[in-house]
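# Commentary on secondary and tertiary structure
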Amino acid sequence: MNKVFSDFLAWTREHEWGCDESYDLTLSNGTKLSVWDSGVLEVSPANPGHKDIVLSCAVHGNETAPIEICRDIINDIIDEKQTVTHRTLFLIANPASINKGERFVEENMNRLFSGEHSKGSTQNKERERAAKIENYVERFYQSAPEGSRERFHYDLHTAIRDSKREKFAVYPFTHGAPYSRQQLQFLLACGVDTVLLNQAPTTTFSYFSARQFNAHAFTVELGKVRPFGENDRAKFAAAEATLRNLISQAEQDFGPFEPEQHFVFKEAQTINRTQPDFELNFADDVANFTSFNKGEILAWDGDKACYAQHDGEHIIFPNAKVALGHRALLTVVRVPTESLDLV
Ligand SMILES: O=C(O)CCC(=O)N[C@@H](CCC(=O)O)C(=O)O
Ligand SMILES: [Zn+2]
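Going by an unreviewed UniProt entry, the chain carries the name Succinylglutamate desuccinylase and comes from Idiomarina rhizosphaerae. As its UniProt record puts it under Sequence similarities (unreviewed entry), the chain is described as follows: "Belongs to the AspA/AstE family. Succinylglutamate desuccinylase subfamily." Per UniProt, the chain carries the Function (unreviewed entry) text "Transforms N(2)-succinylglutamate into succinate and glutamate."

Have a look at this one:
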């Protein structure tokens, strides 16, 4: 078998910024596999179900657990051990950053979506790749069969720091649209009991799919960043099984919705680094979801103090080393699940 299909991840890593050739393979049950570029694999059943699903990993190259999960699902599809009922697009977003073993090569890809890749005079490979990825997602959703369909995108990540809540998802800003009860249940089945509600547009991949294509789209943080082979896959088993069920089962049944099982937080502040001398006012080993009280200093942006504005304000994704203008800290406050506008 061609290496494209015998080891899709290895072949992708050998073509780290893309490949102009396309490759096809038809499985014995008629499911068609089409490779559009390195890291870009469309799986199209002969009689597809009503869901169009995007599963992405390696937007950050050192977040290896999601890459291992996608690799294993893809290999099982090719070996005909994993059935696929719904059209699914796998995206290994930034193979060059996998090869480097780092979050990114030149620029954080997850700040380049919704056209951000083409703003200003900067050009680099990550910008080119983000633009191509946007096109692949558009092509995938737009080439779906006619009829009533549902779109999904789970952008799989792991976090730099320890977290007091191990698995959590970012729910992109909905512009006032209600939140999906079924999606909270899907995430819970993945072991993700915690959801952060963004309150404004972002330039992330998941916001792009949600906004442009009305997909149920999430950034899903499944654990902590570790090198290949050092992930405890048992901790990811529920997520992997639920993703496998998503692509293979006509419908997933999550039972009754139980609000108390979901821990929902709303964005309180996004603190950007605007000054070269940006400092966090807590130690490097302080975990995600550590809580601060109103008036406590969270960070120094130059000589401007950034304060917690609420009691019980939890810190997420603190990173003083981000590029100027980028988010250095997100803060969230708990909201009752019952207070959400759910559909
Ligand atoms: O642990 C960290 O500091 C970063 C983990 C990560 O890559 N998170 C995503 C979240 C994207 C979102 O807000 O939807 C990111 O920062 O890109
Ligand atoms: Zn990430």
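Every one of the 14 residues lining ligand 1 counts as a neighbour, but N110, R111, I160, T219 and E221 are closest to it. Here R111 contributes a side-chain N or O atom positioned 2.8 Å from an oxygen atom of ligand 1. T219 has a polar side-chain atom sitting 2.6 Å from an oxygen atom of ligand 1. Among the secondary structure elements, those contributing two or more residues to the shell around ligand 1 are β6 (150-159) and β9 (216-224). Counted by class, the shell around ligand 1 contains 4 nonpolar, 5 polar and 5 charged residues.

Mapped onto this numbering, the UniProt entry gives "active site" (unreviewed entry) at E221. Position of E221 among the secondary structure elements: in strand β9. The exposure class assigned to E221 is buried, which follows from its relative accessible area of 4%. Non-local contacts of E221, meaning those with residues more than four positions away in its chain, are made with H157, T158, A159, E166, K167, F168 and F317. At 3.3 Å, the side chain of E221 forms a polar contact with the backbone nitrogen of A159.

Attention now moves to the packing of aromatic side chains. For the structure on display, the rule yields 18 aromatic pairs. Judged by centre distance (5.1 Å) and plane angle (80 degrees), the ring pair of F168 and F289 falls under edge-to-face. Taken together, the residues span a long stretch of sequence, with F168 in strand β7 (residues 168-171) and F289 in the loop between β11 (278-280) and β12 (291-292) at a distance of 121 residues. Across the pair, exposure class does not vary: F168 and F289 are buried alike. Each residue in the set F152, Y154, Y171, Y179, F186, F218 and F254 is aromatic and connected to the rest through ring pairs, giving one cluster. Just above the ring of F263 sits the side chain of R165; from NZ or CZ to the centre is 4.0 Å. Across from the ring centre of F257, 5.7 Å away, lies the NZ or CZ of R181, which sits over that ring.

So, about helix α3 (residues 64-78). Along its 15 residues, α3 runs 21 Å from first to last C-alpha, staying within 8% of the 21 Å computed at 1.5 Å per residue. Counting buried positions along α3 yields 12 of 15 residues, so the element is predominantly enclosed. Residues of α3 that are buried include every one of T64, A65, P66, I67, E68, I69, C70, I73, I74, D76, I77 and I78, and no others. Directly beyond the C-terminal end of α3, a positive phi value near 60 degrees is found at E80.

Right, let's get into the coordination of the zinc ion (ligand 2). Bound to the zinc ion (ligand 2) on the protein side are H60 (ND1), E63 (OE), E63 (OE) and H157 (ND1), at distances that span 2.1 to 2.2 Å. Read in sequence order, the donor residues coordinating the zinc ion (ligand 2) give the pattern H-x2-E-x93-H. Side by side, H60 and E63 carry an identical accessibility label, which is buried.

Another aspect to go through is the environment of R151. Among the secondary structure elements, R151 is positioned in strand β6. In sequence terms R151 and V54 are 97 residues apart; their C-alpha atoms lie 8.1 Å from each other. In this structure R151 touches D52, Y141, Q142, F213, A215 and H216, once residues within four positions along its chain are discounted. A polar side-chain atom of R151 sits 3.0 Å from the main-chain carbonyl oxygen of F213.

With a phi angle near 55 degrees, S114 is a residue other than glycine that sits in the positive phi range. Checked against the element boundaries, S114 lands in the loop between α4 (95-100) and α5 (125-142). What makes S114 partly exposed here is its relative accessible area of 29%. Located in the positive-phi region is F289, a residue other than glycine, with phi close to 75 degrees. A residue is classified by how much of its surface remains accessible, and F289, at 4% relative accessible area, is buried.

About the thresholds
- Residues numbered from 1 in each chain as written.
- Chains lettered and ligands numbered in written order.
- Predicted model: local features only at pLDDT ≥ 70, side-chain atom pairs only at ≥ 80, totals over all residues.
- Heavy atoms only, no water.
- UniProt positions renumbered as here; feature names shortened; annotations may be inferred.
- Near = heavy atom within 4 Å.
- Polar contact = N/O pair within 3.5 Å; in protein donor to acceptor, adjacent residues only side chain to side chain.
- Helix = DSSP H or I, 4+ residues; strand = E, 2+ residues; numbered from the N terminus.
- Nonpolar A, V, L, I, M, F, W, Y, C, P; charged D, E, K, R; others polar.
- Buried < 20%, exposed > 50% of the residue type's maximum accessible area, 1.4 Å probe, protein only.
- Contact = heavy atoms within 4.5 Å.
- Phe/Tyr/Trp six-rings, centres within 6.5 Å; stacked < 30°, edge-to-face > 60°.
- Lys NZ or Arg CZ within 6 Å of the ring centre and 35° of its normal.
- Expected span 1.5 Å × (residues − 1).
- Donors = N, O, S within 2.8 Å, 3.2 Å for Na, K, Ca; no water.

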